[in-house]
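What follows is the residue order along each chain.
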Amino acid sequence: MTNIKIAKNTLVSQKPGNIVSDMDGEKVMLSIQSSKYFNLGEIGGEIWGLIKEPTSIHNLVKTIQSQYDVDQDECEQQVTAFLNQLIEEELIIVEGNGK
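Predicted model, so just to flag it, every value in this text is computed and none were measured.

Caption draft 1: Main features of the nonpolar core. Within the largest apolar cluster, 20 residues are counted, with the highest numbers of intra-cluster contacts made by W48, V79, L83, L86 and I92. When contributions to this core are tallied by element, the ones reaching two or more residues are β4 (36-40), α1 (41-50), α2 (57-67) and α3 (72-88). It is α3 that contributes the most residues to this core, 6 residues altogether.

Caption draft 2: Quick peek at the sheet that holds β4. Read across the open sheet, the 3 strands follow the order β2-β3-β4; overall the sheet is antiparallel. In this open sheet, the two strands that pair with only one neighbour each are β2 (18-23) and β4. Each strand of the sheet is rotated relative to its neighbour by a mean of 25 degrees, with strand direction disregarded. The pairing of strand β3 (residues 26-31) with β4 spans 4 bridges and is antiparallel. Paired with V28 across the bridge in β4 is N39. Of the strands in this sheet, β2, β3 and β4 touch α1, which is tilted by about 100 degrees from β4.

Caption draft 3: Representation of α3 within the structure. Along its 17 residues, α3 runs 24 Å from first to last C-alpha, staying within 8% of the 24 Å computed at 1.5 Å per residue. Packing partners of the buried residues in α3 comprise β1 (11-14), β4, α1, α2 and β6 (92-95). Where α3 starts, the residue carrying a side-chain oxygen 3.1 Å from the main-chain nitrogen of D73 turns out to be D71. Downstream of α3 by a residue or two, E90 has a phi angle that is positive, lying close to 60 degrees.

Calculation criteria
Residues numbered from 1 in each chain as written. Predicted model: local features only at pLDDT ≥ 70, side-chain atom pairs only at ≥ 80, totals over all residues. Heavy atoms only, no water. Core = buried A, V, L, I, M, F, W, Y, C linked by side-chain atoms within 4.5 Å. Buried < 20%, exposed > 50% of the residue type's maximum accessible area, 1.4 Å probe, protein only. Helix = DSSP H or I, 4+ residues; strand = E, 2+ residues; numbered from the N terminus. Pairing = 2+ DSSP bridges. Axes fitted to C-alpha atoms, helices over the stretch in contact; angles between N-to-C directions. Contact = heavy atoms within 4.5 Å. Expected span 1.5 Å × (residues − 1). Polar contact = N/O pair within 3.5 Å; in protein donor to acceptor, adjacent residues only side chain to side chain.

In structure tokens form, the structure reads like this:
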């Protein structure tokens, strides 16, 4: 189990080696490394697109919050939970974690 603490200033980006496809408005991904399929969903797919280049958690939350009617705390919790799942599956790179 990966135990990385992420904070608002943590930078996250896609780890290379994943194939992502659009299926009826939701993103699905095949991890070449683990040979697993993942359904990122609509918002998860948006987050995946936003982390093509290193991006801070703060910027992700602001962008998602501007697109959806969600308060900041809820958005931050949900984005962080999603990113933690991606970390667990070793699908993203984490830089400058807030330890």
